[in-house]
Amino acid sequence: MKDTPKDLDPQQLDRRHLLHPWTHFDSFAADGALMLDRGEGCYVWDTADRRYLDAVGGLWCTNIGLGRKEMADAIADQALRLAFSNTFVDMGNTPSAKLAAKLADLAPGDLNRVHFTTGGSTAIDSAYRMVAFYHRVMGRPEKTHVIARDQSYHGATYASISIGKRPGDKVPEFAYAQDGIHHVSAPDTYRMPDGFDEAVLSDRLVAEFEAKIKEIGTDRVGAFFAEPIQASGGVVMPPDGYLKRMADVCRKHDILFIADEVVTGFGRIGHWFASEDVFDVTPDIICCAKGLSSGYQPIGAVIFSDRIYNAMQGDRWYASGYTYAGHPVACAAALKNIEIIEDEDLLHRAKRVGGYLEARLGALSDLPMVGDVRGRRLMMCVESVADKETKTPLPDHLGVGKLISNAAEAHGLLVRPIGALNVISPALVITEAEIDFMAETLEVAIQEVADDLVRNGER
Ligand code: PMP
């Protein structure tokens, strides 16, 4: 056994032993981690008992809010009754069966089949595998290529990160999968080429998609992956009607439309799923996670159509799946989470407070450094720019999003920095008064950072 000092506090232990996902080494070395200790509703407290309003919602995920006794009870009850059972081959358990049925109930169209995973990345991986399996049994074995979009984030496993394409995610030292993975432009309505409006942009994007399919070969493209609103890629709001047109193109060429609803699902923008309710698209497959359990347990799901399920039947194995797929405790948590969303009518609440958030944050666009405030309901971001007119980005090295989030943190507000963006995605239980605090504090933080940049001659 090693001679590790016994008197270190949690932050020191963290610094000595933990490699954080997506960490930036220099900034971590300078600041260490903000160590959280407890949470209730939309608030979290650090280990020094300082309170913060969590406008990040954990990581787009604490939809019902933290500290729910009924969640703790559901988790504890299930852990005592049956803490684990695998769901391989022909093993089952009650919570996973009930959750699968519930998801089928909530999902659009004939999406009545569920394959559980451990989170969002593994849901994307699993869906990717399903594409090839489905097309092979349909007698289209060449249809293994997939198309995704620039600025997308679909997860961090080998396959899911290869499918995504956010700038900077693919570091040069690692060989990501490239064969059979293709990308088309992001539907970015903020930075459109000169002379474009949304309709023209939409036409161009659809034409680009059709051209890409043709270039790869219609008989080789198996699926299109799309977040209804691209999340970590910058809360990219698509032009009106675009997603539906993309789905129509997919349908025409037997290309599966896979909606990555890891962020948009379970109420974040006021609906169980955004694809159908907001964008009028019935996907073939929905990948979800995060709000599925509001982060109380790690769980994800691939919800897919009867059409795909029926086609896969026969004398063959479905060779994919994880030990913790259909984990009874995670499924019990997700069931209780969905029950709470229903009982407290949180979808309607998300619409109401989400509208208020849009309005309050929207007012920040008057600030000289704010180029854009965009998003939908409880999925918003504020983008800082060097020049509002030209939309010229601020230089990356300034890390302006991080400067703003640090300033906000000092005032008791957590917002997430992504480049020059600050993302706001609070729990659905947020109140108007909390949104007021959020907007006012964010304004102060942005002003402080803007003033500092001017003082230092960087703006
Ligand atoms: N898809 C989207 C749209 C996401 O935002 C994320 C995570 N932020 C993922 C997939 C990956 O999910 P996870 O981190 O649970 O693996």
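Quick note: structure is the one above.
Residues numbered from 1 in each chain as written. Predicted model: local features only at pLDDT ≥ 70, side-chain atom pairs only at ≥ 80, totals over all residues. Heavy atoms only, no water.

**Re the site of the ligand**
Here comes step 1: For the ligand, the full set of nearby residues is Gly-119, Gly-120, Ser-121, Tyr-153, His-154, Gly-155, Glu-227, Ser-232, Asp-260, Val-262, Val-263 and Lys-290.
Here comes step 2: Within the side chain of Ser-121, one N or O atom sits 2.5 Å away from an oxygen atom of the ligand.
Here comes step 3: The side chain of Asp-260 places a nitrogen or oxygen atom 2.7 Å from a nitrogen atom of the ligand.
Here comes step 4: Within the complex, 83% of the 390 Å² of free accessible area of the ligand lies under protein.
Here comes step 5: Taken together, the residues of the shell around the ligand break down into 3 nonpolar, 6 polar and 3 charged. (Near = heavy atom within 4 Å. Polar contact = N/O pair within 3.5 Å; in protein donor to acceptor, adjacent residues only side chain to side chain. Areas by Shrake-Rupley, 256 points an atom, 1.4 Å probe, with all protein chains shown as cover. Nonpolar A, V, L, I, M, F, W, Y, C, P; charged D, E, K, R; others polar.)

**Concerning the pattern of salt bridges**
Here comes step 1: Considering all chains together, one arrives at 22 salt bridges under this definition.
Here comes step 2: Note that Asp-452 is salt-bridged to Arg-455, the shortest N-O span being 2.4 Å. Remark: Arg-455 and Asp-452 occur in helix α15 (residues 432-455); sequence separation between them is 3 residues, near one turn of the helix.
Here comes step 3: Asp-452 gets classed as partly exposed once you look at its relative accessible area, which sits at 37%.
Here comes step 4: Assessed through its relative accessible area of 63%, Arg-455 is described here as exposed.
Here comes step 5: In this structure, a network of salt bridges that share partners links the residues Arg-191, Asp-372, Arg-374 and Glu-383. (Salt bridge = Lys/Arg side-chain N within 4 Å of Asp/Glu carboxyl O. Helix = DSSP H or I, 4+ residues; strand = E, 2+ residues; numbered from the N terminus. Buried < 20%, exposed > 50% of the residue type's maximum accessible area, 1.4 Å probe, protein only.)

**Let's talk about the nonpolar core**
The nonpolar side chains of a soluble globular protein tend to be buried with one another.
Here comes step 1: Grouped together as the largest cluster of nonpolar side chains are 104 residues, with contacts concentrated most on Phe-224, Phe-266, Leu-292, Ile-424 and Leu-442.
Here comes step 2: Shared between two domains, this core takes at least three residues from each, and those domains are domain 1 (34-67 + 346-456) and domain 2 (70-344). (Core = buried A, V, L, I, M, F, W, Y, C linked by side-chain atoms within 4.5 Å. Domains from an automatic or database assignment.)

**Some words on the sheet that holds strand β6 (residues 181-184)**
Here comes step 1: Strand order across the open sheet formed by 7 strands is β4-β10-β9-β8-β7-β5-β6, with mixed pairing between neighbours. The open sheet has two edge strands, β4 (111-117) and β6, and neither has a second partner. The mean angle between the axes of side-by-side strands here comes to 20°, regardless of whether they run parallel or antiparallel.
Here comes step 2: Relative to strand β7 (residues 221-226), strand β5 (residues 145-149) runs parallel, the two being bridged by 3 bridges. Following the sheet pairing, Val-146 is matched in β7 by Ala-223.
Here comes step 3: Helix-sheet contacts for helix α5 (residues 94-106) involve β4 and β10 (300-305), and the interaxial angle to β4 is about 135°. (Pairing = 2+ DSSP bridges. Axes fitted to C-alpha atoms, helices over the stretch in contact; angles between N-to-C directions. Contact = heavy atoms within 4.5 Å.)

**What to know about the side chain of Ser-232**
Here comes step 1: Locating Ser-232 in the fold gives a position in the loop between β7 and α9 (242-252).
Here comes step 2: Take Ser-232: its relative accessible area is 8%, and that puts it in the buried class.
Here comes step 3: Ser-232 has contacts with Trp-60, Tyr-153, Arg-166, Glu-227, Arg-416 and Ile-418, leaving out every residue within four places of it along the chain.

**Details of unusual backbone geometry**
Here comes step 1: The backbone of Phe-266 sits at a positive phi, close to 60°, despite the residue not being glycine.
Here comes step 2: Take Phe-266: it is sitting in the loop between β8 (256-260) and α10 (274-279).
Here comes step 3: Assessed through its relative accessible area of 0%, Phe-266 is described here as buried.
Here comes step 4: In this structure, Lys-290 is a non-glycine residue whose phi angle is positive, near 35°.

**Quick notes on helix α6 (residues 120-137)**
Here comes step 1: Taking 1.5 Å of rise per residue, the 18 residues of α6 would be expected to cover 26 Å, and the 26 Å separating its terminal C-alpha atoms lies within 8% of that figure.
Here comes step 2: Among the 18 residues of α6, 13 are classified as buried, and the element is accordingly described as predominantly covered.
Here comes step 3: One or two steps after α6, the chain reaches Gly-139, where phi turns positive at roughly 80°. (Expected span 1.5 Å × (residues − 1).)

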